[in-house]
Amino acid sequence: MKIVKTIKIDADKCSGCRACEVICAAYHAEPKYSIVNPARSRIRVFRDEENDLFVPILAGEYTEAECPGRMTTVIGGKEYGECSFCRSSCPSRDLFKEPDSGLPLKCDMCGEPPLEEPMCVKWCLTDALTYVEKEEEEEEEEKEEEKEKAVEFLVKKYGLKEVEDAITQISRG
Ligand code: SF4
Ligand code: SF4
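The text that follows walks through the structure, step by step, so that each part is easy to find.

Each value, and the rule that gives it
Residues numbered from 1 in each chain as written. Chains lettered and ligands numbered in written order. Predicted model: local features only at pLDDT ≥ 70, side-chain atom pairs only at ≥ 80, totals over all residues. Near = placed C-beta within 6 Å. Helix = DSSP H or I, 4+ residues; strand = E, 2+ residues; numbered from the N terminus. Nonpolar A, V, L, I, M, F, W, Y, C, P; charged D, E, K, R; others polar. Core = buried A, V, L, I, M, F, W, Y, C linked by C-beta atoms within 7 Å. Buried ≥ 20, exposed ≤ 12 C-beta atoms within 10 Å, placed from the backbone. Contact = placed C-beta atoms within 7 Å. Pairing = 2+ DSSP bridges.

1. Here's the deal with the site of ligand 1
Line of reasoning, step 1. Around ligand 1, the surrounding shell holds 15 residues, and the nearest of these are C14, C17, C20, C124 and A128.
Line of reasoning, step 2. Listed by contribution, the elements that provide at least two residues to the shell around ligand 1 are α1 (19–27) and β3 (53–58).
Line of reasoning, step 3. Among the residues forming the shell around ligand 1, the class breakdown is 11 nonpolar, three polar and one charged.

The following block contains the structure:
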């Protein structure tokens, strides 16, 4: 296990002020702080003022394919459809895309060198965003576990001897 820092989101504390969007966009402008365009922010706040619901969403990975499994989320008895809380930049919407170039935007936790605290966390006065530590499995440990699972599966399917022979052949090149 290793300790990693991550941003924890507590939507119950979000007031919808959008300070996080503003500072993220300004911090990533070239030169820094020269333009403030929240469309360039890597965090966007989903807003449903009627139901007093504000959900900060950090931009995740770009995906080339539109998601086929659109889902519905129910909060407080109200249904929110399709892409409302999705973190991905994808072909079906403009969210998390650089407005001029269309290039995908992804949260970089504020880039290099690492900041003591990400900008959006620093500017969030309600503590809806906090910078916390969490335990994460080491990548090597994960790979080892995946390998063990794969071997287990193959042994079940093809038998131990077949798998041992195949591994011997692979290791001989
Ligand atoms: S700065 Fe904090 S309270 Fe304001 S919108 Fe962003 S997450 Fe919500
Ligand atoms: S951590 Fe930095 S890059 Fe990520 S959303 Fe917050 S301000 Fe933007």
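2. Thoughts on the nonpolar core
Line of reasoning, step 1. Judged by nonpolar contacts, the single largest core of 21 residues is most densely connected at C20, C24 and C120.
Line of reasoning, step 2. When contributions to this core are tallied by element, the ones reaching two or more residues are α1, β2 (43–48), β3 and α2 (119–123).
Line of reasoning, step 3. At five residues, the largest contribution of residues to this core is made by α1.
Line of reasoning, step 4. When near neighbours in sequence (up to four residues on either side) are disregarded, C24 contacts S41, R42, I43, M119 and C120.

3. Focus: the pairing of β2
Line of reasoning, step 1. Pairing of β2 with β3, which is carried by six bridges, proceeds in the antiparallel orientation. Following the sheet pairing, R44 is matched in β3 by I57.
Line of reasoning, step 2. Between the antiparallel neighbours β2 and β3 lie four residues, among them D52 with a positive phi of about 55 degrees.

4. Thoughts on unusual backbone geometry
Line of reasoning, step 1. For the peptide bond that leads from E30 to P31, omega is -10 degrees, which places it in the cis range.
Line of reasoning, step 2. Take P31: it is sitting in the loop between α1 and β2.
Line of reasoning, step 3. In the segment running from E112 into P113, the intervening peptide bond is cis, with an omega of -10 degrees.
Line of reasoning, step 4. Backbone geometry places Y33, a non-glycine residue, at a positive phi of 65 degrees.
Line of reasoning, step 5. Counting through the fold element by element, Y33 comes out in the loop between α1 and β2.

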